[in-house]
Amino acid sequence: MRILAIETSCDETAVALLEGDGELSDVRLTVLGNMLYSQAEKHAAYGGVYPALAKREHQGNLAPLATEALRQAGALKEGGIASLPPNVLLKIREEEFRNDIQKFLETYAKPDIDYIAVTHGPGLEPALWTGINFAEALGAAWGIPILGINHMEGHIVSALLERPRTGTYALKDTKFPLLALLISGGHTELVLMKEWFAYERVGMTKDDALGEAFDKVARLLGLPYPGGPHIEEAAERSRARGGTEMTFPSPMLHDPSCDFSFSGLKTAVLYKLRSMEKLSEQDKEEIAQAFEDAAVTAIVAKTERALRATGAQTLAVGGGVAANGTIRKALKDMVAKLFPETTVLFPESDMAGDNAIMIGAAAHLRIASGKKTEKELEALGSLVLE
Ligand code: KG4
Ligand code: ZN
């Protein structure tokens, strides 16, 4: 089964073509083509993702990236549809985007694919719509069904994929109940999966997402967007010098829920900065470390609480912040010490951030588990896992 996967929820435009084989117990996923374009540099000037710019960028990138992903897969055939039926481009209001799609469909023939999978939420709605519009136009022109995929489900699945040397992904040993810790730029939540794709929310942030807190603190320290990797590097430099005396209170530590809160921590950093006269590079690195330490303590404490409450056999960590080495190590150490029966899974480093492979993989797993959804698609900015 071949799936063309499309991701446009935030500031990455991504298209991949996946071949999936095997039953759920023995899934194999081969990436035939994979393209990812990060707009991060373009948004850096705004200090965060600027939705109107993201939308325009996705619209310009989708057809070229799809062309290239299909080319990589050897699935690009000349000879498109001579004249498109009117319903295909009906929803595309922007002329340039419409022309790009029309040209794409008139140039290339229907590839050998069975499904199109597209992220339909959560994320920035104008950005999500570009992917949905593109997917629907291709699906209508080629007569291929479309599956809407939850972006956070993609992040969970990214932690479950193992890439042996053959280049074909297999599923890691995934035991249920599975607790997912999702830490990205837009979300921070703990979600329980009792069986494939049956979700229960265990905890979530009451304000900022963890990635957002990293980005905001980076901005306060004059580090570029996206700030997560820069904070991590700065914190490492401080630790390499022997660490810092500075501390920030870890948020919500004594609260009995599994919820998070990061806006107070960000404000504590702001007050600290205001109280300091001149800031040396070393000061900045120490602040980065103290911030990261406080955030890690909170993440570890709430994950521990959730593991205890749910008895989860697997902890799967997903989302952009899952790339952070300090967080990975702290979670691994905590689980090894307190829950030796539980397996901790992280995405491979190139799969932590947004990408289309995780969307195609989630679609394949949904099909393989008999839980595919083919509803009318709509961009849902606040879509939850349910
Ligand atoms: O999942 P993602 O690529 O996009 C969203 O769905 O939001 O996550 C992006 C977030 C950004 O906030 C970025 O600063 C953060 O992930 N991030 C990191 C690291 N790498 C990316 N945060 C901390 N440490 C990192 N190494
Ligand atoms: Zn994401």
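You'll find the structure just up there.
Residues numbered from 1 in each chain as written. Chains lettered and ligands numbered in written order. Predicted model: local features only at pLDDT ≥ 70, side-chain atom pairs only at ≥ 80, totals over all residues. Heavy atoms only, no water.

Trainee: Describe in detail the packing of helix 3 (residues 95–107) against helix 4 (residues 125–142), supporting the description with residues and values.
Mentor: Their axes nearest at 11 Å, the elements helix 3 and helix 4 cross at an angle of 35°. Crossing angle aside, the handedness with which helix 3 passes helix 4 is right-handed. Together, Phe97, Ile101, Phe104 and Leu105 of helix 3 and Thr130, Asn133, Phe134, Ala137, Leu138, Ala141 and Trp142 of helix 4 make up the contact between the two elements. Residue composition of the contact of helix 3 with helix 4, grouped by class: nine nonpolar, two polar and no charged. (Axes fitted to C-alpha atoms, helices over the stretch in contact; angles between N-to-C directions. Helix = DSSP H or I, 4+ residues; strand = E, 2+ residues; numbered from the N terminus. Left-handed = near helix turned anticlockwise from the far one by under 90°. Contact = heavy atoms within 4.5 Å. Nonpolar A, V, L, I, M, F, W, Y, C, P; charged D, E, K, R; others polar.)

Trainee: Lay out the sheet that holds strand 2 (residues 12–21) with the relevant residues and their values.
Mentor: Spatially, seven strands are ordered 5-4-1-2-3-7-6 in an open sheet, and the strand pairing comes out mixed. In this open sheet, the two edge strands, each paired with only one partner strand, are strand 5 (146–150) and strand 6 (161–162). The sheet contacts of helix 2 (residues 51–72) involve strand 1 (2–7), strand 2 and strand 3 (28–38), and relative to strand 3 the element is tilted by about 145°. Packed on one face of the sheet, helix 4 meets strand 1, strand 4 (115–121) and strand 5 and runs near 155° to strand 4. (Pairing = 2+ DSSP bridges.)

Trainee: Residues and numbers for the coordination of the zinc ion (ligand 2), please.
Mentor: Every protein donor of the zinc ion (ligand 2) is accounted for by His151 (NE2), His155 (NE2) and Asp354 (OD), and the metal-donor separations fall at 2.0 to 2.1 Å. Summarised as a motif, the one-chain spacing of the donors to the zinc ion (ligand 2) is H-x3-H-x198-D. Taken together, the residues His151 in helix 5 (residues 151–160) and Asp354 in the loop between strand 12 (343–345) and helix 11 (357–368) connect sequence positions 203 residues apart. Using a relative accessible area of 6% as the deciding quantity, one classes His151 as buried. Accessibility expressed as a relative area gives 14% for Asp354, which makes it buried. (Donors = N, O, S within 2.8 Å, 3.2 Å for Na, K, Ca; no water. Buried < 20%, exposed > 50% of the residue type's maximum accessible area, 1.4 Å probe, protein only.)

Trainee: If you had to explain the site of ligand 1 to someone new, which residues and values would you point to?
Mentor: Around ligand 1, a shell composed of 20 residues is seen, among which Gly185, Asp215, Gly228, Glu232 and Gly320 lie nearest. Note that an oxygen atom of ligand 1 is positioned 2.8 Å from one of the backbone N or O atoms of Gly185. A distance of 2.7 Å separates a nitrogen atom of ligand 1 from a polar atom in the side chain of Glu232. For ligand 1, whose free accessible area comes to 550 Å², the fraction covered by protein is 87%. The set of elements that each furnish at least two residues to the shell around ligand 1 consists of helix 5, helix 6 (210–220) and helix 7 (228–240). Across the shell around ligand 1, the residue classes break down as five nonpolar, twelve polar and three charged. (Near = heavy atom within 4 Å. Polar contact = N/O pair within 3.5 Å; in protein donor to acceptor, adjacent residues only side chain to side chain. Areas by Shrake-Rupley, 256 points an atom, 1.4 Å probe, with all protein chains shown as cover.)

Trainee: Break down the sheet that holds strand 12 for me, citing the residues and quoting the values.
Mentor: Read from one edge to the other, the open sheet built from five strands follows the order 10-9-8-11-12, with strand pairing classed as mixed. The open sheet has two edge strands with one neighbour each: strand 10 (198–204) and strand 12. Going from strand to strand, the sheet's axes swing by 20° on average, the running direction of each strand aside. Relative to strand 12, strand 11 (residues 314–318) runs parallel, the two being bridged by three bridges. Among the inter-strand pairings, Thr314 is bridged to a residue of strand 12, identified as Thr343.

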